[in-house]
Amino acid sequence: MRAMANDRPDSSGRQGLSLVELLLVIAIISLLLQLSLPGIQSSRESSRQVGCLNNLRQMALAAQLHLETHGHFPTGGWTSVYTGDPNRGFGKDQPAGWCYNLLPYLEQESLHDLGKGTSESQRLAEAAKVFAVPVSVFVCPSRRPVVAWPFARVLFNADHVDAAGRGDYAANMGNFMPSDQRGPGPKTYDQADDWLEGTDRLAHWVATHHNGIVFQRSVVRANMVTDGLSKSYLFGEKFLSPAHYEDGESHGDDQSLYIGFDRDTARSTNELHPPIRDALLESVWLPEGDTVLVLDWNFGSAHPNGLHMASCDGSVGRIAYDIDPAVFIEKGSRDSSEAAVK
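### Re the overall build of the protein
Part 1 of the argument: In terms of helices and strands, the protein carries 7 helices and 11 strands.
Part 2 of the argument: Relative to its 342 residues, the protein shows a buried fraction of 48%.
Part 3 of the argument: Just so you have it, the protein exposes about 16700 Å², and 55% of that area is on carbon and sulfur atoms.

### Remarks on a nonpolar patch on the surface
Part 1 of the argument: A cluster of nonpolar side chains, L19, L22, L23 and I26, forms an exposed patch at the surface whose accessible area comes to about 400 Å².
Part 2 of the argument: Turning to its location among the elements, L19 is positioned in helix 1 (residues 19–70).
Part 3 of the argument: Judged by its relative accessible area of 61%, L19 is exposed.

### Considering unusual backbone geometry
Part 1 of the argument: Although it is not a glycine, E107 adopts a positive phi angle of roughly 60°.
Part 2 of the argument: Following the sequence through the fold, E107 ends up in the loop between helix 2 (98–102) and helix 3 (109–112).
Part 3 of the argument: Phi is positive for R217, which is not a glycine, with a value near 55°.
Part 4 of the argument: Tracing the sequence through the fold places R217 in the loop between helix 6 (201–204) and strand 4 (233–237).

### Regarding the pattern of salt bridges
Part 1 of the argument: Scanning all chains against the criterion turns up 11 salt bridges.
Part 2 of the argument: For D168, the salt bridge goes to R143, with nearest N and O atoms at 3.2 Å. Of this pair, D168 sits in the loop between strand 2 (163–165) and strand 3 (169–172) while R143 sits in the loop between helix 4 (120–131) and strand 1 (148–150), placing them 25 residues apart in sequence.
Part 3 of the argument: The buried category is assigned to D168, whose relative accessible area is 1%.
Part 4 of the argument: Between D296 and R263 there is a salt bridge whose closest N-O contact spans 3.8 Å. Taken together, the positions of D296 in the loop between strand 8 (292–294) and strand 9 (300–301) and R263 in the loop between strand 4 and strand 5 (266–267) put the pair 33 residues apart, joining distant regions of the chain. The same class applies to D296 as to R263, namely buried.
Part 5 of the argument: Linked by salt bridges that have partners in common, R143, R144, D168, K238, D253 and D278 make up one network.

### Side note on the environment of D264
Part 1 of the argument: Mapped onto the elements, D264 comes out in the loop between strand 4 and strand 5.
Part 2 of the argument: For the pair formed by D264 and W297, sequence separation is 33 residues and the distance between their alpha carbons is 8.5 Å.
Part 3 of the argument: Polar contacts involving the side chain of D264 include one to the main-chain amide nitrogen of D253, which spans 3.3 Å.

### Examining the pairing of strand 10 (residues 307–311)
Part 1 of the argument: Across the 5 residues that make up strand 10, a large majority, 5, are buried.
Part 2 of the argument: Here strand 10 shows a buried face lined by L307, M309 and S311 and a second buried face lined by H308 and A310.
Part 3 of the argument: Alignment of strand 4 against strand 10, held across 3 bridges, turns out to be antiparallel. Bridge assignment links Y233 to a residue of strand 10, and that residue is S311.
Part 4 of the argument: Sheet topology note: the strand 10/strand 11 (residues 316–319) ladder contains 4 bridges and is antiparallel. Bridge pairing in strand 11 links M309 to G317.
Part 5 of the argument: Linking two consecutive strands that pair antiparallel, namely strand 10 and strand 11, is a turn of 4 residues; a positive phi of about 95° is found at G314 within it.

### Remarks on the side chain of H66
Part 1 of the argument: Structurally, H66 is set in helix 1.
Part 2 of the argument: For H66, a relative accessible area of 0% puts it in the buried group.

Parameters and conventions
- Residues numbered from 1 in each chain as written.
- Predicted model: local features only at pLDDT ≥ 70, side-chain atom pairs only at ≥ 80, totals over all residues.
- Heavy atoms only, no water.
- Helix = DSSP H or I, 4+ residues; strand = E, 2+ residues; numbered from the N terminus.
- Buried < 20%, exposed > 50% of the residue type's maximum accessible area, 1.4 Å probe, protein only.
- Areas by Shrake-Rupley, 256 points an atom, 1.4 Å probe, with all protein chains shown as cover.
- Patch = residues over 30% accessible without salt bridge, like charges linked within 9 Å, V, L, I, M, F, W, Y side chains within 5 Å.
- Salt bridge = Lys/Arg side-chain N within 4 Å of Asp/Glu carboxyl O.
- Polar contact = N/O pair within 3.5 Å; in protein donor to acceptor, adjacent residues only side chain to side chain.
- Pairing = 2+ DSSP bridges.

Next comes the structure, spelled out in structure tokens:
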């Protein structure tokens, strides 16, 4: 029996999408992706901020262990041309800064002790190795990866190095007008010891007057923080121009996290250096006069909604960029010293 004509498949039925329909589907998918991308980015940034806050929490806890062990907060070290020496203790004789001195309390004791008890030539070689090692706790995940970066400066107590582990956090040097050093500092340990014993030592160690917690050759004990441990900043995130996240061309990020006192590792709460979000500008003109103010001394961060700070009692939290200037200045002092602007 012959099949009826209407029982045959309809060869005229459409088998797919037209070009217009396809383009419409692609446009809808693209729009949905655009709408969801900010949410994804926001979620990722929130996760990175949690990581950053945890970094500071670990540093603050390490500082408490340092305080308990040595009786004082970590020293700021000497100058930018010095790195860590495991044979020179944790006080004024230690040329390296606070990051190096916290290593044993961040489960990095083996890194800190490289070269300890060895010959001088071997110690110099080991110091160069340490200098190039990045440590994740000192790197903000919102800013850059944990890698060694090019280094083109000079070190007096280590062999030549061409790479450095850098840090995204700085210690609170106080609210006085910031200064780092006059000249490179002593060229040898013997010269440094002579300076310490000489009557002109303050002419060489010029940053010893700051009223914060960590500064040049600082040995700040808990009872010296008379404003209260919870009311005085210890560490915080530092400002850095995005243009220099990786190139090491900023004066506030051209060294290593292990060096002595310098704007790489210490920042100010002076009224001329408020906390700011990372931006391409690196200096500003003051409203009065023709003075250019560099931002290498400012606290700040890559986060859009504020920066993280740790206090001397070990507590950590986020502060807004528009924090009351008076509060920010006051929390930079350990003993109610007035900010010296002029």
